[in-house]
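# Results of the structural survey
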Amino acid sequence: MWKGRIQFAFVFVLLAALLITTVALAAPKSGPTVSLSVSQGEFDSSQDVWVTVTLSNDTQHTVRVLKWFTPVDGVEESILVVKRDGQPVAYIGPHYKRPAATEKDYISLKAGESVTSAVNLGEYYDLSQSGQYEVTYGVNSFNLFSERGNAFQAKDVLSSEKITMNVAGRQPTARPTPPPPPPDGGNAYNACSTTQQAQIVAARNQAKTYASDAENYLIGHASGTPRYVEWFGAFTTSRYNLVKSHFTAISDAWDNAGVTFDCKCKQPYYAYVYPNQAYNIYLCKYFWLAPLAGTDSRAGTLIHEMSHFDVVAGTDDFAYGQDAARDLADSDPDDAIRNADSHEYYAENTPPLP
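Predicted model, so just to flag it, every value in this text is computed and none were measured.

### With respect to the pattern of salt bridges
- Inspection of the entire model under this criterion finds 16 salt bridges.
- Ionic pairing is found between Glu77 and Arg98, a salt bridge with its closest N-O pair at 3.2 Å. Residue Glu77 is found in the loop between β4 (63–66) and β5 (80–84), and its partner Arg98 is found in the loop between β7 (95–97) and β8 (106–109); the two are separated by 21 residues along the sequence. Each member of the pair, Glu77 as well as Arg98, carries the same accessibility label: buried.
- Linking Asp334 and Arg239 is a salt bridge whose minimum nitrogen-to-oxygen distance equals 3.0 Å. Of this pair, Asp334 sits in helix α8 (residues 333–336) while Arg239 is found in helix α4 (residues 237–256), placing the two residues 95 residues apart along the sequence.
- Several salt bridges share partner residues, and in doing so they unite Lys97, Asp296, Asp341 and Glu344 into one network.

Below you can see the structure in the form of structure tokens.
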């Protein structure tokens, strides 16, 4: 009997050691740090508000950070938490649909190395009102330090101390001017070939079907079905009602909105939009490589992007790719119901779930 207890104790200790090791690898206590600074404490309305972001590796080993959540190639996500007089300030920069992260999407910092970037705050956040602004760097992702994520479906976090400054209100930064909007329910195009226009029409028609089917399915299944739980997590009435309202708005927009499609983007993304610039969708390289329907399809991309508009569902990008979206549903349903890829995968429903 004692021999069995000793063997059990040994196995328990071994498992505990493995657990601690895995947690340490997934979210190391010693990792990169980030700091913010500004050159002055007061900005009048004629002055750009430049924030310096410094990402440092103070460890004794190389660290990796997902570029999307840094400003090294420009701001492409809401990487800063901005408040004016204690109230949240809207992010007005682009929202992208991306493929899942791969090794090439990371920057590596050697021991002791730093990288510094300057961010013009007014290009990405609404500084239209005067007040005292607080800015904090704050990002979290399952894949922040590794494309493989971590074994415990926990988000890795990178944040800074806050900085404050007084900022006079100014006009929002000008965005690319789209062509005049098309009639309700119609399409307008910018730099799209005849072939691309035909592909867009087919994708929009399939997106209409996806959105309508998703809305009707939710109306007919007001409970935690496998399909709902897979992409939005544990069922509650309030979360379900929000998701249903999102698909009602997405479906209505695809049925009735005049949408402008811009085909000039050559970046390795599917598409992007500015959330406060409905209904203008910028289509990128991966959109044209995607299938019409199915996982990460052209039609699904349109669902994703339509959900981002403030006047539609106002979704964000907390996780990219099916694996990360599933992890998000399991670990944080409140974010899953506001995640654009989660809406896309629910609508595409591949592989199909009841």
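### So, the environment of Gly93
- Position of Gly93 among the secondary structure elements: in the loop between β6 (87–88) and β7.
- Residue classification places Gly93 among the buried positions, given a relative accessible area of 0%.
- The sequence separation of Gly93 and Glu123 amounts to 30 residues, and the corresponding C-alpha distance is 6.9 Å.
- Leaving out residues up to four positions away in the same chain, Gly93 has contacts with Tyr124, Arg175, Val273, Tyr274 and Pro275.

### Focus: the state of the cysteines
- Per the stated rule, a full pass over the model turns up 2 disulfides.
- Counting its disulfide-bonded cysteines in sequence order, the protein chain shows a connectivity of 1-2, 3-4.

### Re the sheet that holds strand β9 (residues 114–120)
- Pairing is antiparallel in the open sheet, where 3 strands are placed in the order β1-β3-β9. Two strands close off the open sheet at either side, each with one partner strand: β1 (33–37) and β9. Between one strand axis and the next, the sheet turns through 20° on average, direction left out of account.
- In terms of strand pairing, β1 meets strand β3 (residues 50–56) through 5 bridges, oriented antiparallel. Counterpart to Ser35 in the pairing with β3 is Thr54.

### Overview of the nonpolar core
- Of all hydrophobic cores here, the largest spans 45 residues; its most connected members are Leu80, Leu121 and Tyr137.
- Every element with two or more residues in this core is listed here: β1, β3, β4, β5, β8, β10 (131–141) and β12 (163–167).
- When residues of this core are assigned to their parent elements, the largest contribution, 4 residues, is made by β10.
- Residues in contact with Leu121, not counting those within four places in the same chain, are Val49, Val51, Leu80, Val82, Leu127 and Val135.
- Listed in part, the 40 residues of the second largest apolar core include Tyr217, Ile250, Ala313 and Ala325.

### A short note on the pairing of strand β14 (residues 259–262)
- Burial along β14 is two-sided: the residues Val259 and Phe261 and Thr260 and Asp262 are all buried.
- Across 3 bridges, the pairing between β14 and strand β16 (residues 280–283) is parallel. What sits directly across from Asp262, in β16, is Tyr282.

### Points about the pairing of strand β11 (residues 156–159)
- Side-chain alternation along β11 places Asp156 and Leu158 on a buried face and Val157 and Ser159 on a face that remains uncovered.
- Sheet topology places β10 next to β11; 4 bridges connect them, and they run antiparallel. In the strand pairing of β11, Ser141 is matched with Asp156.

### Some points on the side chain of Thr59
- Summarising the element assignment, Thr59 is placed in the loop between β3 and β4.
- Judged by its relative accessible area of 8%, Thr59 is buried.
- Reaching out from Thr59, the side chain makes a polar contact with the side chain of Asn57 at a distance of 2.6 Å.
- Engagement of the side chain of Thr59 in a polar contact is seen with the backbone oxygen of His61, the distance being 2.8 Å.

### Quick notes on the sheet that holds strand β15 (residues 271–273)
- Within the open sheet, the 5 strands sit side by side as β7-β15-β16-β14-β13. Their pairing is mixed. Looking at which strands have only one partner, the edges of the open sheet turn out to be β7 and β13 (187–190). Each strand axis lies, on average, 25° off the axis of its neighbour in the sheet, ignoring direction.
- Strand direction decides the pairing type here: β15 and β16, joined by 2 bridges, are antiparallel. Pairing of Ala271 across the sheet is with Leu283, part of β16.

### Digging into the packing of helix α2 (residues 194–220) against helix α6 (residues 298–308)
- Where α2 meets α6, the closest approach of the two axes is 8 Å, and the angle between their N-to-C directions is 65°. On the basis of their axis angle, the class for α2 and α6 is roughly perpendicular. Between α2 and α6 the crossing geometry is right-handed. For the pair formed by α2 and α6, the contact residues are Gln199, Ala203, Arg204, Gln206, Ala207, Tyr210 and Ala211 on the first element and Arg298, Ala299, Gly300, Leu302 and Ile303 on the second.
- Across the contact of α2 with α6, the residue classes break down as 7 nonpolar, 3 polar and 2 charged.

Rules used throughout
- Residues numbered from 1 in each chain as written.
- Predicted model: local features only at pLDDT ≥ 70, side-chain atom pairs only at ≥ 80, totals over all residues.
- Heavy atoms only, no water.
- Salt bridge = Lys/Arg side-chain N within 4 Å of Asp/Glu carboxyl O.
- Helix = DSSP H or I, 4+ residues; strand = E, 2+ residues; numbered from the N terminus.
- Buried < 20%, exposed > 50% of the residue type's maximum accessible area, 1.4 Å probe, protein only.
- Contact = heavy atoms within 4.5 Å.
- Disulfide = S-S within 2.5 Å.
- Pairing = 2+ DSSP bridges.
- Axes fitted to C-alpha atoms, helices over the stretch in contact; angles between N-to-C directions.
- Core = buried A, V, L, I, M, F, W, Y, C linked by side-chain atoms within 4.5 Å.
- Polar contact = N/O pair within 3.5 Å; in protein donor to acceptor, adjacent residues only side chain to side chain.
- Parallel < 35°, antiparallel > 145°, perpendicular 65-115°, else oblique.
- Left-handed = near helix turned anticlockwise from the far one by under 90°.
- Nonpolar A, V, L, I, M, F, W, Y, C, P; charged D, E, K, R; others polar.

Taken by themselves, the reported measurements are silent on function.
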